[in-house]
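# Close look at the chain arrangement
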Amino acid sequence: MTSASPPAPSLHQRRRPPNAAELAGIPWLGLLTPGERSVAIDALRVSEAAPGDFICRMGRPVTYWFGVIEGLLKMSSEDRLGQTMTYAGLPPGGWFGEGTALKREVYRYHVQALRSSLVAGLPVDVFHHLLDHSIGFNRFVMNQLNERLGQFIAARAIDRMHTPELRVARNLAALFNPALYPGVGEVLRITQQELAYLVGLSRQRVNRALDTLEARGLIRVEYGGLRVLDLVGLRHCEL
């Protein structure tokens, strides 16, 4: 009789201190004073999330403020009937959950890895310490909250759009938000299947929508990703 293999270590158990290259991918560290930065670096932890791993689960108490260094995550929720609504994709440079961390509430959404991703976490107690002592950190979090509110309002509107091209355009524009996701730049590394998960459409419909947007000169499909040629056009196009 063979013995059962031990369970794989959890995301929390796999955490470790970040290295210098990983710290360079955290946008708010540069806004801190040397003393504040030292406190943050000592507390920060990173972990490798496999596809399908949950970083946050609905109903769980907040323990960390999280950010994406590499990879792609999905933020979503489920209603009582099991219907899923996707609020946002979370590409590199994106930090999320500041509202939950501020109020020390339970999570009202799931955050799940769509591909292998490197996720950073700042303990919620250190998050509050920086809020109490750092002007630069406060400004960053306030800007996050403001941008996130606009993103969620837009997500509600996108969810009601029946034109695939518009849904894809608006979702892409959200993923290229330079304030929320400074690590993306002009090229987003994403597959059509990953984009389909975020938009809530089939891969085939997403592919046709991308062809339309490319023909309009708004994007260019490149190997392994998408390049935005006209971000304002993506945000305001009517198809």
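Summary of the structure given here. No experiment lies behind these values; they were computed from the predicted model shown.

## Focus: the side chain of H110
Looking at where H110 falls in the secondary structure, it is placed in strand β7 (residues 110–113). A polar side-chain atom of H110 sits 3.2 Å from the main-chain amide nitrogen of M58. Setting aside residues no more than four positions away along its own chain, H110 makes contact with F54, C56, R57, M58, K74, M75, S76 and E78.

## A closer look at the side chain of E22
By the secondary structure assignment, E22 is in helix α1 (residues 20–23). Relative accessible area serves as the criterion here: at 8%, E22 is assigned to the buried category. Those residues within four positions of E22 in sequence are excluded, and the remaining contacts are R16, P17, V46, I69 and L118.

## Observations regarding the nonpolar core
Membership of the largest hydrophobic core comes to 71 residues, with the highest contact counts inside it found for W28 and I55. By residue number, the principal contributor to this core is helix α6 (residues 164–175), which donates six residues. W28 has contacts with A40, L44, W65, W95, L122, L130, F137 and F140, leaving out every residue within four places of it along the chain.

What counts, and where the lines are drawn
Residues numbered from 1 in each chain as written. Predicted model: local features only at pLDDT ≥ 70, side-chain atom pairs only at ≥ 80, totals over all residues. Heavy atoms only, no water. Helix = DSSP H or I, 4+ residues; strand = E, 2+ residues; numbered from the N terminus. Polar contact = N/O pair within 3.5 Å; in protein donor to acceptor, adjacent residues only side chain to side chain. Contact = heavy atoms within 4.5 Å. Buried < 20%, exposed > 50% of the residue type's maximum accessible area, 1.4 Å probe, protein only. Core = buried A, V, L, I, M, F, W, Y, C linked by side-chain atoms within 4.5 Å.

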